[in-house]
Amino acid sequence: MTIQKAQQSRRENVDFDNLVFGKEMSDHMFAMDFRDGVWGDSHILPYGEVGMALSLSALHYGQSVFEGMKAFWGADGKVRVFRPRDHYKRLMRSCERMCIPQFDYDHFISAIRTLMELDRTWIPKERGKSLYIRPVVFAIDYSLGLKPSLSYRFAILTSPMGYYYPEGMKPVKLMTSGEYVRAVRGGVGDVKTAGNYAASMLPFKEAHEQGFSQILWLNAHDNATIEEAGVMNVFFVINSVLITPALSGSILPGITRDSVLALAREKGMIVEERAITIQEVFDAGHIGKLQEAFGTGTAAVIAPIGLIHHDGNEMNINNNKIGPMTEMFYYDMTAIQYGEKEDYLGWCEIV
Ligand SMILES: *Cc1c(COP(=O)(O)O)cnc(C)c1O
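Residues numbered from 1 in each chain as written. Predicted model: local features only at pLDDT ≥ 70, side-chain atom pairs only at ≥ 80, totals over all residues. Heavy atoms only, no water.

Attention now goes to the site of the ligand. Taken together, 15 residues form the shell around the ligand, and within it K192, Y197, E228, T256 and T298 come nearest. Within the side chain of K192, one N or O atom sits 2.8 Å away from an oxygen atom of the ligand. A distance of 2.3 Å separates an oxygen atom of the ligand from a polar side-chain atom of Y197. In isolation the ligand has 380 Å² of accessible area, and contact with the protein removes 96% of it. Per-class residue counts for the shell around the ligand are five nonpolar, six polar and four charged. (Near = heavy atom within 4 Å. Polar contact = N/O pair within 3.5 Å; in protein donor to acceptor, adjacent residues only side chain to side chain. Areas by Shrake-Rupley, 256 points an atom, 1.4 Å probe, with all protein chains shown as cover. Nonpolar A, V, L, I, M, F, W, Y, C, P; charged D, E, K, R; others polar.)

This is the structure in structure tokens:
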């Protein structure tokens, strides 16, 4: 791996007390290109612009996939990356679906290790903050031909972050959309590819204008079964049972979702991965059995859901307060991530 260090760090210019998600990038980035049928040398470079011709394939046809993971500065001074192997596996699945050549885990983890070493001062030390790691793989042929590109770049950039939602741990409001859908079975909703997020921007903007944080997506075929919330998987606590939509092919298989399920099962909770309709959630709410709802995702970890709007009706959840189970999962997850609690499920990689 060649390493070209930044001449001057930008670290001192960044206000770590007021971090906005994805705004500030650390000093270095990683890049490795696929050309003539093989992945080439890997490089670490100062973070900055990458030159491109306007015919860059990914720009036109969206052959581009990404991951989102985090590094945490632990209570013991160690840095932990959360479930990197699982993020790598999902990235490879995304590559496969988008006709992008795969590469070894060694490339992935050694790039992350080297970046964490070089940009150590960019990892926030405060509890609740972390370094967001964004691997991306995209087509770099200079061609307008509509076919899989022959060349690709795997790159990683990192960005210090605090809370994902500006409201912090305050419950978020979700709305269903009567008009738009996120994904369909057989489509690409179950992989992290650029176009999914491009397609959700207009619905997201309209939801925002009406005061909602996210859309609660329903199944495109029946417009009734709950799928997920755009950048989060969703969980409901009904009658003390933890319920999350089963992975149906159009839901992104979240690693935080998987972590919550594992923690819940460890605790002996009753867990159901199954189809759940918006009607069932509202019905449970009406009879006082809907206790809690929350979203899960790397960026937000756990986000309590305080209100759901659907088809002209609103359901308040737990008086718009964070519930005990939501809080417990947030506490357990973050305690493992910050090294305060034994990593008994083997999720953290110390770097
Ligand atoms: C990334 C993502 C999630 C959350 O996945 P995690 O692995 O928990 O970060 C959920 N839904 C969508 C659509 C996503 O892109």
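Helix packing for two helices is described by the angle between their axes and how far apart those axes are. Interaxial distance between helix 6 (residues 255–266) and helix 8 (residues 324–337) falls to 11 Å at its minimum, and their mutual angle equals 105°. The pairing of helix 6 with helix 8 is recorded here as roughly perpendicular in orientation. Of the residues in helix 8, those touching helix 6 at T256, S259, V260, L263 and A264 are F329, D332, M333 and I336. Partitioned by chemical class, the residues of the contact of helix 6 with helix 8 number six nonpolar, two polar and one charged. (Axes fitted to C-alpha atoms, helices over the stretch in contact; angles between N-to-C directions. Helix = DSSP H or I, 4+ residues; strand = E, 2+ residues; numbered from the N terminus. Parallel < 35°, antiparallel > 145°, perpendicular 65-115°, else oblique. Contact = heavy atoms within 4.5 Å.)

Per the domain assignment, the segments of the protein chain are domain 1 (2–162) and domain 2 (172–337). Computed from C-alpha coordinates alone, the two centres of domain 1 and domain 2 are separated by 27 Å. Taken together, the 22 residues of domain 1 in the interface contact 23 residues of domain 2. Around 1900 Å² of area is buried between domain 1 and domain 2 when both sides are counted, 57% of it from carbon and sulfur atoms. A salt bridge links R83 to D258; the nearest nitrogen and oxygen atoms lie 2.8 Å apart. Summed over the shared surface of domain 1 and domain 2, the result is 14 residue pairs in polar contact (both at pLDDT 80 or more). Elements with a minimum of two residues in the side of domain 1 that touches domain 2: strand 4 (64–66), strand 5 (69–73), strand 6 (79–82) and helix 2 (84–97). (Domains from an automatic or database assignment. Buried area = accessible area lost by both parts, 1.4 Å probe. Salt bridge = Lys/Arg side-chain N within 4 Å of Asp/Glu carboxyl O.)

Within the secondary structure layout, R257 lies in helix 6. Among the polar contacts made by the side chain of R257, one reaches the side chain of E273 at a distance of 2.8 Å. Apart from the residues lying within four places of it in its own chain, the contact partners of R257 are N233, F235, T244, P245, A246, L247, E273 and T296.

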